[in-house]
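Chain and residue survey
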Amino acid sequence: MTAVHDFPDRSGSAANLTARVLADRAEGERYVASVCFKHGPPRLLGVELEFTVHHAGDPARPLDPDVLATALGPHTPRTLRPDSPAIPLPAGAPVSLEPGCQVELSAPPQASLRALHAAVEADLAHLTGLLARHGLELGAAGIDEHRPPRRVLRTPRYAAMERRFAPIGAGGITMMCSTAGLQICVDAGEAHEVAARWAAAHAMGPPLLALFANSRVHAGADTGFASARWLAVMETEPVRTQSPEPGVDPAREWARRMMDTPLMVFPRGERPWDAPEGLTFAEWISGRGAAAVLRRPTAADLDYHLTTMFTPVRPQGYLELRYLDGQPPGDWLPPVALVSALLASQSTVDKVREVCAPAAGRWADAARCGMADAQLAAVARELVELGVAELPATGLPEDTVAGLAAGLRARAAGVPRQDR
């Protein structure tokens, strides 16, 4: 739920952030625009892989966090074991945990897909080996196919989130504790490219969500939906999950949205982190209403506020595409390669926007119907062909490119995986 990629630093030192009190809304907006949309040549590519974790041979058994901590050893996140050294995996990916103890592997960004592939494969092999030695294995879908949601991590942030989402429905606890996503991180691009890349990242969302949806079964029951994971995300707070209508000035539009979004949590040390009801960040800065009794917010507070958004694409100095279901451990490369290819050049970005125009905004349809929706399937197939044409430029070996192209085309054609 938070990103740990080592893209260029977006926020300065922690000490400076803590000391910097925001004077007014305008300063807050300037800060958001500057840290969320960094400009520069599109160069780096990163990925975050989330997986549910199960006891091998008994995947419906509630996960034992002590067994998980023992398996991870020195890689155990401090959210589970506060005294852990929490060292990264050998190729550099730190391990983090979601509230239900889903494991997240956050690969350091690389300058090529080939380098990213090598690093992720090395760390993923190491992680699966650690887990296997203690009778654990990674799940293969974007949602827990065997168990109902259960919060395992006892952090004040997650406790406040659970209380906040509970009155809305089951989506919140499901998102927090049962889902696993695949998040692709790309540079925002040069100043003149940002709006188009931002728009393309959103436009390809519904067809790619449909193409890679794999979270139909949850807690042993068929939900009837292609991506029950993404529906759970959408069923939390619309203000945090709704896709924006991409405009000509994404940085300014996002900055305004962040100021007008209510606080989700309010860090208070050992006290409950529940935020004052309905208090927006702009109101906190102004000191109006419930904010009158609160301390003045700093840039560090605003930085934390940014992590409480769960939109399909989240700007963090780079663009984090968050809409894809988590894939089986051996299948993470196809969606990453496809997205990388589709954003490889400005001309391809423009074609993506044109191809995806008929499916604009169809997030709910993609999650419910997946490739059974004829229009989304047709657009997905066009995207695959567009991306396949660009795959040789990704730097991957020829045989890998050929395998990816064949697999993506088979997926788009609806060929069952075992027959590809």
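These numbers were taken from a predicted model, which means no experiment stands behind them. Along each chain, the written sequence defines residue order, and numbers are assigned to residues from 1. The predicted nature of this model means local features are confined to residues of pLDDT at least 70 and side-chain atom pairs, given and counted, to a pLDDT of 80 or more, with totals for whole chains, interfaces and linings taken over all residues. Water and hydrogen atoms were dropped before computing side-chain values, which therefore reflect all heavy atoms in the structure.

Regarding the overall build of the chain
Helix and strand counts for the chain stand at 18 helices and ten strands. Against the compact-globule benchmark of 22 Å for 420 residues, the chain has a radius of gyration of 21 Å, which places it among compact chains. With respect to the principal axes defined by its C-alpha atoms, the chain has extents near 65 × 50 × 40 Å. Accessible area is worked out with a 1.4 Å probe on protein chains only. A residue is then buried under 20% of its type maximum, exposed over 50%, and partly exposed in between. Looking at the chain as a whole, 54% of its 420 residues are labelled buried. The contact criterion used is simple: two residues touch if any of their non-hydrogen atoms lie within 4.5 Å. Restricting the contact set of the chain to residue pairs at least 6 apart, pairs at least 24 apart contribute 74%. Residues counted as positive are Lys and Arg, residues counted as negative are Asp and Glu, and His and the chain ends are not counted. Lysine's charge is taken at NZ, arginine's at CZ, aspartate's at CG and glutamate's at CD. Where the 41 positive side-chain charges of the chain centre and where its 48 negative ones centre are 4 Å apart. For helices the rule is a DSSP run of H or I covering at least 4 residues; for strands it is a run of E covering at least 2, with both sets numbered from the N terminus onward. Put simply, the radius of gyration uses C-alpha atoms, and a globule should come to 2.2 Å times the residue count raised to 0.38.

Considering the packing of aromatic side chains
Whether two aromatic rings pair depends on their centres lying within 6.5 Å, for rings of Phe, Tyr and Trp, where Trp uses its six-membered ring; planes under 30 degrees apart make the pair stacked, over 60 edge-to-face, and the rest tilted. One pass over the structure, following the stated rule, counts seven aromatic pairs. Between Trp198 and Trp254 the ring centres are 6.0 Å apart and the planes differ by 75°, which places this aromatic pair in the edge-to-face class. Separated by 56 residues along the polypeptide, Trp198 in helix α7 (residues 194-203) and Trp254 in helix α11 (residues 250-260) bring together distant segments of the chain. What makes Trp254 buried here is its relative accessible area of 3%. Each ring, one from Phe281 and one from Trp284, has its centre 5.2 Å from the other, and the planes form 65°; the classification is edge-to-face. A residue pair is termed a helical-turn pair when its members lie 3 or 4 positions apart in one helix, as Phe281 and Trp284 do in helix α12 (residues 281-286) at three residues. Note on accessibility: Phe281 and Trp284 belong to one class, buried. Put simply, the rings of Phe37, Trp198 and Trp254 touch in pairs and so form one group of aromatic residues.

Considering the state of the cysteines
Count a disulfide wherever a pair of cysteine sulfur atoms falls within 2.5 Å. Here the structure, examined in full by the defined rule, presents zero disulfides. Free of any disulfide, Cys101 has its nearest cysteine sulfur in Cys177, 9.3 Å distant. As a non-bridged cysteine, Cys369 has Cys356 as the owner of its nearest cysteine sulfur, 18 Å distant. The partly exposed category is assigned to Cys369, whose relative accessible area is 39%.

Quick look at helix α4 (residues 113-132)
End to end, α4 covers 28 Å across 20 residues, agreeing with the expected 28 Å (1.5 Å per residue, within 8%). Tucked inside the fold, the buried residues of α4 contact β1 (45-51), α3 (65-72), β4 (103-110), β5 (136-138) and α14 (333-342). Here the expected span of a helix is defined as 1.5 Å times the quantity of residues minus one.

Thoughts on the nonpolar core
Generally speaking, nonpolar side chains in soluble globular proteins are found buried as a group. For the purposes of this section, nonpolar cores are sets of buried Ala, Val, Leu, Ile, Met, Phe, Trp, Tyr and Cys residues that join through side-chain atoms within 4.5 Å. In this structure, Leu68, Met204, Leu208 and Leu321 are the most contacted members of the largest nonpolar core, which totals 121 residues. With sequence-adjacent residues up to four places away left out, Leu208 is seen in contact with Tyr323, Leu324, Leu338, Val339, Leu342 and Leu383.

Some thoughts on the environment of Arg240
Along the chain, Arg240 turns up in helix α10 (residues 238-241). Residues Arg240 and Val217, spaced 23 residues apart in sequence, show a C-alpha to C-alpha distance of 25 Å. Sequence-distant contacts of Arg240, that is, excluding residues within four places in its chain, are made with Arg164, Arg257, Thr261, Pro262, Leu263, Met264, Thr308, Met309, Phe310 and Thr311. N or O atoms closer than or at 3.5 Å make up a polar contact, with two conditions inside protein: a donor-capable atom paired with an acceptor-capable one, and, for residues adjacent in sequence, both atoms drawn from side chains. At 2.7 Å, the side chain of Arg240 forms a polar contact with the side chain of Glu237. Here the side chain of Arg240 touches Pro262 through a polar contact of 2.5 Å, landing on its backbone oxygen.

Observations regarding the pattern of salt bridges
When the charged atoms of two side chains with opposite charge come close together, those side chains can pair. Should a side-chain nitrogen of Lys or Arg be within 4 Å of a carboxyl oxygen of Asp or Glu, the pair is scored as a salt bridge. Following the criterion strictly, the structure yields 17 salt bridges and no others. Here Arg362 and Asp365 are joined by a salt bridge, their closest N and O atoms 2.9 Å apart. The partly exposed category is assigned to Asp365, whose relative accessible area is 29%. Salt bridges sharing partners connect three or more residues here, namely Arg25, Glu29 and Asp260.

Observations concerning empty space enclosed by the protein
In this approach, a probe sized like a water molecule rolls over the atoms, and the result shows the empty space that is left. Both cavities and pockets are sets of points on a 1 Å grid over the protein atoms alone; in a cavity a 1.4 Å probe fits but cannot get out, in a pocket the set is open with protein on both sides within 12 Å along at least five of seven lines, and lining residues sit with an atom within 4 Å of a point. Grid points are joined across faces, edges and corners, and a volume is the space filled by probe spheres set on the points. Under the defined criterion, the tally for this structure stands at one cavity of 30 Å³ or more. Elements with a minimum of two residues in the lining of the largest cavity: α6 (171-178), β6 (181-187) and α9 (228-234). It is α9 that contributes the most residues to the lining of the largest cavity, three residues altogether. Among the residues forming the lining of the largest cavity, the class breakdown is six nonpolar, four polar and four charged. Polarity classes work like this: nonpolar for Ala, Val, Leu, Ile, Met, Phe, Trp, Tyr, Cys and Pro, charged for Asp, Glu, Lys and Arg, and polar for all others, with Gly in that last group.

Quick notes on the sheet that holds strand β10 (residues 318-325)
Pairing between sheet strands relies on hydrogen bonds along the backbone, with the strands arranged either parallel or antiparallel. What makes two strands pair is DSSP finding at least two bridges between them. Reading across the sheet, the six strands line up as β3-β4-β1-β6-β10-β9 and stay open at both edges, with antiparallel pairing between neighbours. A single partner strand is all that each edge strand has here, and the edge strands are β3 (95-97) and β9 (313-315). Going from strand to strand, the sheet's axes swing by 20° on average, the running direction of each strand aside. To get an axis, a line is fitted to the C-alpha atoms, and for a helix only the part in contact is used. The angle between two axes follows their N-to-C directions and goes from 0 to 180 degrees. Contacting β1, β6 and β10, α14 crosses the sheet at an angle of about 30° to β6.

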